[in-house]
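A closer look at the structure
Each chain, letter by letter, is given below.
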Amino acid sequence: MKNRAYKFRFYPTDEQAILLARTFGCVRFVYNSILRWRSDEYYQSKAKIGYVQASAKLTQLKKQPELSFLNDVSCVPTQQALRHQQTAFKNFFEGRAKYPTFKSKKHKQSAEFTKSAFKYKDGNIYIAKNKEPLNIRWSRELPSAPSTITITKDRAGRYFVSCLCEFENQALPKSDASIGVDVGIKHLFVTDAGSKVDNPRHTAKYAKKLARAQQRLSRKKLGSANRAKARLKVARIHAKISDCRLDNLHKLSRKLINDNQVVCVETLRVKNMIKNPKLAKHISDASWGEFVRQLEYKADWAGRSISKIDQFFPSSKRCSGCGYILPFLALDTRRWVCPECSADHDRDTNAAINIKTAGLAGLAFGENVSLARPVCISNSR
C-alpha cells in the first residue's frame, strides 16, 4: 500500500470562506511568529529550538488576550504549520533547501487538517468548526478514507482540497520496449526513434494578454480595490498557463510510462541552467524538472524503470555510430557530420540515441555513465 494525494476543486459557502480565511490567517501568523522567535533566539543566544519548544511557545501565544483569535479556528492547522516549519529547518540544515522564509497573504494559502479536524462520511468532507460539507467537484472516487486533507487557495482565488489516501499499487504488464528522451526548447523532447514532440510554449501564447493585464495592474493605486481586481486578473492568466502546462506534461509522461518498460533521460541541473538570462524564460516554460519528476513517480507506481545518465555525459557531441566525441559543438548547430565515420546526425535524435544506449548500459552495470567514468557501450543497433 502506498500513499497518494487526490486533488479536487471545491466551492465554499460564504460561511466556509470566512472560516477558511481566518484559518489561513492564523496559520500564517503562527508560522511567521514562531519563525521570527526561533531566528531571534539563535542570533541572540545561539539557542537551537526544536518542535517541542515551538509547540510550547504556541501554547503561550494562545493564552495572550490580544491573540485570542487563534482559538476561533481549529488548533490542528496551526500545529501542523509548526511541523512543516520543523521539516523546513531540517531540509535547510541538511543542505536540501534554503533558510525558511516568511509566509505572505498575497501568495497561495494552505491549511492541513488531520483526522481529528475533519470528517469523511458518505462521500462528503466536513471540516472542524463548520457543519456543512465541502461542495467538492469529485472527478473520481477515493480509494480509501483520507488520512489527511490539505485545503489551499491559490492566487487566482480558487479553492482546492487534496486528500491523502492509501491505494494499492498495480504494476503495468511487463514490456520489452525502451526509449531514450532528449529534452529541449524548440521541441519539448525528442526520442531515439526520431519522434519530435513540439513545445507548446504556453507562456508565449498568453504573453500579450499577460503583458496587457500587468500593465493595467501597474497603473492602479496601491491598496485600492481596483488594484486587487487587476491583480486577480493577472493571477488567473498565470493559473491558466500553469494548468495548460501541467495538463500537457501529465499526458506526455503517462504515455511514455505506459508504452515503455525503461525510459532513459538526462540528469539536468535546471536551477543552474536558468541562470542564463537569454534562455531562463524558455527553460522555465518547458518545465524539464517537472517532466522528469512526473516520469519518476509514475514509473514507481507502474513498475517501470527510469534510468538517468550522468549530467556530464556528452550525449550531443558523441557520435552514436562510432563513438567519436566532438571537441566542441555550438548550441545553434542542429546537424553535424562525424569526422570519423562521416555519419550525418540530427543533434537531438543523436543525443536521444546516446542517452538510451548509456541509460541501458548504466542500468545493466548499476551505475551512472559519465565522461570521467567510461563504460563499454555497444553501438550496434
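Residues numbered from 1 in each chain as written. Predicted model: local features only at pLDDT ≥ 70, side-chain atom pairs only at ≥ 80, totals over all residues. Heavy atoms only, no water.

Moving on: the pattern of salt bridges. Any two side chains of opposite charge can pair, on the condition that their charged atoms come close. Enumeration according to the criterion identifies 15 salt bridges in this entry. With a shortest N-O distance of 2.4 Å, Glu94 and Arg96 are connected by a salt bridge. Given the relative accessible area of 45%, Glu94 is considered partly exposed. Note that Lys251 and Asp247 form a salt bridge whose closest N and O atoms lie 3.1 Å from each other. In this pair, Lys251 and Asp247 both sit in helix 6 (residues 225-259), four residues apart, roughly one turn of the helix. Classification of Asp247 as partly exposed rests on a relative accessible area of 41%. A network of salt bridges, in which partner residues are shared, links Lys196, Arg335, Asp344 and Asp346. (Salt bridge = Lys/Arg side-chain N within 4 Å of Asp/Glu carboxyl O. Buried < 20%, exposed > 50% of the residue type's maximum accessible area, 1.4 Å probe, protein only. Helix = DSSP H or I, 4+ residues; strand = E, 2+ residues; numbered from the N terminus.)

Here we come to the packing of aromatic side chains. Under the counting rule described, the total for this entry stands at eleven aromatic pairs. Among the aromatic residues, those joined into a cluster by ring pairs are Phe89, Phe92, Phe93 and Tyr99. Geometry around Phe167 places Arg4 over its ring, the cationic atom sitting 5.6 Å from the centre. (Phe/Tyr/Trp six-rings, centres within 6.5 Å; stacked < 30°, edge-to-face > 60°. Lys NZ or Arg CZ within 6 Å of the ring centre and 35° of its normal.)

Quick look at empty space enclosed by the protein now. Considering all chains together, one arrives at two cavities of 30 Å³ or more under this definition. Size it by volume and the largest cavity reaches roughly 50 Å³. Elements supplying a minimum of two residues to the lining of the largest cavity: helix 6 and helix 8 (280-286). At three residues, helix 6 tops the list of elements feeding residues into the lining of the largest cavity. Of the residues belonging to the lining of the largest cavity, the class tally is four nonpolar, three polar and two charged. When its volume is computed, the second largest cavity comes out at roughly 30 Å³. Taken together, Val181, Val183, Val265, Glu266, Leu268 and Val292 make up the full set of residues lining the second largest cavity. At the level of secondary structure, the elements contributing two or more residues to the lining of the second largest cavity comprise strand 7 (178-183) and strand 10 (262-266). Among the residues making up the lining of the second largest cavity, the classes are represented as five nonpolar, no polar and one charged. (1 Å grid on protein atoms, 1.4 Å probe; cavity = no way out; pocket = protein on both sides within 12 Å on 5 of 7 lines; lining within 4 Å. Points joined across faces, edges and corners; volume = space filled by probe spheres on them. Nonpolar A, V, L, I, M, F, W, Y, C, P; charged D, E, K, R; others polar.)

For the protein, mean pLDDT is 91; residues scoring 70 or higher make up 96% of the total. Across the protein, the secondary-structure element scoring lowest on mean pLDDT is helix 7 (residues 270-273), at 86, and the one scoring highest is strand 5 (residues 148-153), at 98. In the predicted structure, residues 369-381 sits below a pLDDT of 50 and forms 31 contacts with residues beyond four places in sequence or in another chain. (pLDDT = per-residue confidence, 0-100. Contact = heavy atoms within 4.5 Å.)

Take the UniProt feature "domain: Transposase putative helix-turn-helix" (unreviewed entry) in the protein next. According to UniProt, the "domain: Transposase putative helix-turn-helix" (unreviewed entry) feature falls on residues 1-46. Spanning residues 1-46, this segment combines 70% helix with 20% strand, and its end C-alpha atoms are found 43 Å apart. (UniProt positions renumbered as here; feature names shortened; annotations may be inferred.)

What follows deals with a positive patch on the surface. A cluster of basic residues, Arg9, Lys205, Lys208, Lys209, Arg212, Arg216, Arg219, Lys229, Lys233, Arg236 and Lys240, forms a positive patch at the surface. Mapped onto the secondary structure, Lys229 falls in helix 6. (Patch = residues over 30% accessible without salt bridge, like charges linked within 9 Å, V, L, I, M, F, W, Y side chains within 5 Å. Areas by Shrake-Rupley, 256 points an atom, 1.4 Å probe, with all protein chains shown as cover. Lys, Arg positive; Asp, Glu negative; His and termini not counted. Charge placed at Lys NZ, Arg CZ, Asp CG, Glu CD.)

On to the layout of surface pockets. Where empty space is left becomes clear once a probe the size of a water molecule has been rolled over the atoms. Size it by volume and the largest pocket reaches roughly 1,700 Å³. Lys7, Phe160, Asp243, Leu246 and His250 are the residues nearest the centre of the largest pocket, which is lined by 50 residues in total. At the level of secondary structure, the elements contributing two or more residues to the lining of the largest pocket comprise strand 1 (2-10), helix 3 (75-93), strand 2 (109-114), strand 5, strand 6 (159-167), helix 5 (207-218), helix 6 and helix 9 (288-302). Of the residues forming the lining of the largest pocket, the biggest block, 13 residues, is contributed by helix 6.

Next up on the list: the environment of Arg83. With respect to the secondary-structure elements, Arg83 resides in helix 3. Residue class for Arg83 comes out partly exposed when judged on its relative accessible area of 38%. Taking the C-alpha atoms as reference, Arg83 lies 9.1 Å from Ser55; in sequence the two are 28 residues apart. At a separation of 2.6 Å, a polar atom in the side chain of Arg83 contacts the side chain of Gln80. (Polar contact = N/O pair within 3.5 Å; in protein donor to acceptor, adjacent residues only side chain to side chain.)

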